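# Coordinate inspection notes
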Amino acid sequence: MMTAAVRREDAGRAGRVVVLGSANADLVVEVPRRPGAGETLLGSDLRVFAGGKGANQAAAAARCGASTALIACVGDDGNGMLVRRALADAGVDVGAIASVGRPTGTALILVTPDGENSIVVSPGANHALDVSVAQVTEERWAGAGVLALNLETPLATVEHVAVRAAERGVRVLVNAAPAHPLSAATLAVCDPVVVNEHEARILAGDGGDRSFEELARDLLVRGARSVVITLGAAGALHADVDGVGRVPAHAVDVVDTTGAGDAFVGAMACELARGAVLRDAVAFATAVAAISVRSMGAQASYPDRAEVERMLTGA
Ligand code: RIB
């Protein structure tokens, strides 16, 4: 039987998103094509954006209207200030972002004319987000309606927090990006685990011959409470006890796909925290991701709720 104390805790969490994850400065250059080994290529002027999967997801959730906090580590440097300022502007609670004695994470990003990117991340301060930081911040993430985690921070931290948060009644969303397998205990608390096509195959240990529906069902059998696979221009697939389905993508002109997956994750966390069912959360997140690819940068391209609703209603 549910006690009054647990009911009060659940009510207090409603609508609240916490992201525990990475924050980077994105150094972006547009290039005509990707350079080959040993080749020097001239590109556009350098542009510097706030990025990092965790920070992007938090910014997206906040822009969509969720009360959102980010737990992260940055350096005591200019890029750390850039990240904090951008998040605060997006409406994210930055009170649990720690400054540590390593440089802020940096992503070197090349964007080609088709809007696709190549990214190298120097994690820097993100590697300081260890289990001890997670323990110190437990009261923050344990108070979330939805807790979003990704794999740009140490895997041991993600796995510790995911399992402990689920024990405390938090809905846990794990974005298994960059691609890496998860322990059975972590997979078992994912509701959902969110992956793209490439990450889905790594997570399911598939060589490339099974359909995404089969991969999703396999991950459910292996314990995931729900599964979402983003399929780029083909939309997204969702799977849970209610079945497996697809949501189509919106047709848009693509300028830069950087951070589209994070926009999707943050928007989905927002909607799940508001009580949406998985399919509806995926449909909303698909619209947010579509809007995000129409302009340069990750967080810089994220819409507010009104813009998403205009896309969804065709207004
Ligand atoms: O997912 C996009 C993000 O990946 C970029 O913002 C970059 O910082 C890297 O973390």
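Everything here concerns the structure above.
The sections below set out a description of the structure shown in this document. Counting of residues starts from 1 at the beginning of each chain's written sequence and follows it residue by residue. In view of the model being predicted, local features appear only for residues whose pLDDT reaches at least 70, and side-chain atom pairs are presented and counted only at 80 or more, with totals across whole chains, interfaces and linings using the full set of residues. Excluding hydrogens and water, the side-chain figures rest on all heavy atoms present in the structure.

### What about the site of the ligand?
We define proximity as follows: a residue is near a molecule or strand when any one of its heavy atoms falls within 4 Å of that partner. In the vicinity of the ligand, the contacting residues are Asn24, Asp26, Gly51, Gly52, Lys53, Asn56, Ala107, Val121, Glu152, Gly259 and Asp262. Between N or O atoms, a polar contact is any pair within 3.5 Å; within protein, one atom must be a potential hydrogen donor and the other a potential acceptor, and residues adjacent in sequence are included only when both atoms are from side chains. With respect to the ligand, the side chain of glutamate 152 contributes an N or O atom lying 2.4 Å from an oxygen atom. Within the side chain of aspartate 262, a nitrogen or oxygen atom sits 2.7 Å from an oxygen atom of the ligand. Taken by itself the ligand offers 280 Å² of open surface, and the protein chains cover 95% of this. When residues of the shell around the ligand are traced back to their parent elements, those giving at least two are strand E2 (24-30) and helix H2 (53-63). The Shrake-Rupley method, run with a 1.4 Å probe, gives the accessible areas here. Residue values count only the displayed protein chains as cover. By definition, any uninterrupted DSSP run of H or I lasting at least four residues is a helix, any uninterrupted run of E lasting at least two residues is a strand, and each is numbered from the N terminus.

### As for the pairing of strand E9 (residues 171-175)
Counting buried residues along E9, four of its five residues qualify, which places the element largely inside the surrounding structure. Both strand E8 (residues 146-150) and E9 contribute to a ladder of five bridges, which runs parallel. Bridge pairing in E9 places alanine 148 opposite leucine 173. Classification remark: right-handed applies to a crossover when, strands pointing away from the viewer, the course from the first strand over the helix to the second runs clockwise. In this region the chain leaves E8, passes through helix H6 (residues 155-167) and returns to the parallel neighbour E9; the handedness of that crossover is right-handed. Whether two strands pair comes down to DSSP finding at least two bridges between them. By the bridge criterion, three bridges tie E9 to strand E10 (residues 190-196) in an arrangement that is parallel. When the bridges of E10 are listed, valine 174 appears paired with valine 193. Only protein chains enter the accessibility calculation, which uses a 1.4 Å probe; a residue is then buried when its area is under 20% of its type maximum, exposed when over 50%, and partly exposed in between.

### Topic: the state of the cysteines
Count a disulfide wherever a pair of cysteine sulfur atoms falls within 2.5 Å. This structure, assessed with the given rule, holds zero disulfides. The closest cysteine sulfur to the non-disulfide-bonded cysteine 270 is located on cysteine 64, 5.1 Å from its own sulfur. Cysteine 270 sits in the buried class, given a relative accessible area of 0%.

### A word on the packing of helix H8 (residues 197-204) against helix H9 (residues 212-221)
Throughout, an axis means a line fitted to C-alpha atoms (over the contacting stretch in the case of helices), and angles, computed between N-to-C directions, take values from 0 to 180 degrees. Between H8 and H9, the shortest axis-to-axis distance is 10 Å and the interhelical angle comes to 45 degrees. Taken together, the axis directions place H8 and H9 in an arrangement best described as oblique. In the crossing of H8 with H9, the sense of the turn from one axis to the other is left-handed. Here Glu197, Ala200, Arg201, Leu203 and Ala204 of H8 lie close against H9, whose contacting residues are Phe212, Leu215, Asp218 and Leu219. Across the contact of H8 with H9, the residue classes tally to six nonpolar, no polar and three charged. Reported orientations rely on four angle classes, namely roughly parallel under 35 degrees, roughly antiparallel over 145, roughly perpendicular from 65 to 115, and oblique for the rest. For a crossing to be left-handed, the near helix must be turned anticlockwise from the far one by less than a right angle; the clockwise case is right-handed. Whether two residues are in contact is decided by their heavy atoms, any of which lying within 4.5 Å being enough. Under the convention adopted here, Pro, Cys and the residues Ala, Val, Leu, Ile, Met, Phe, Trp and Tyr are nonpolar, Asp, Glu, Lys and Arg are charged, and Gly plus all remaining residues are polar.

### Structural notes on unusual backbone geometry
For the bond from alanine 177 to proline 178, the omega torsion is -5 degrees, close enough to zero to count as cis. Mapped onto the secondary structure, proline 178 falls in the loop between E9 and helix H7 (184-187). Cis geometry is adopted by the peptide bond preceding proline 192, which originates at aspartate 191 and carries an omega value of 15 degrees.

### Notes on the environment of serine 122
Here serine 122 lies in strand E7 (residues 117-122). As for serine 122 and leucine 42, which are separated by 80 residues in sequence, their C-alpha atoms are 22 Å apart. Excluding anything up to four places from it in sequence, serine 122 contacts Gly105 and Thr106.

### Quick notes on the pattern of salt bridges
A side chain of one charge can pair with a side chain of the opposite charge when the charged atoms of the two come close. Salt bridge criterion: a side-chain nitrogen from Lys or Arg within 4 Å of a carboxyl oxygen from Asp or Glu. Taken as a whole and judged by the stated rule, the model has 17 salt bridges. Linking aspartate 93 and arginine 140 is a salt bridge whose minimum nitrogen-to-oxygen distance equals 3.1 Å. With aspartate 93 in the loop between helix H3 (78-90) and strand E5 (97-100) and arginine 140 in helix H5 (residues 138-141), this pair connects stretches of sequence that are 47 residues apart. Since its relative accessible area comes to 34%, arginine 140 is described here as partly exposed. The partner of aspartate 206 in a salt bridge is arginine 201, and the shortest N-O contact between them spans 2.5 Å. In terms of burial, aspartate 206 and arginine 201 fall into one category: buried.

Interpretation in functional terms is not warranted from these geometric data alone.
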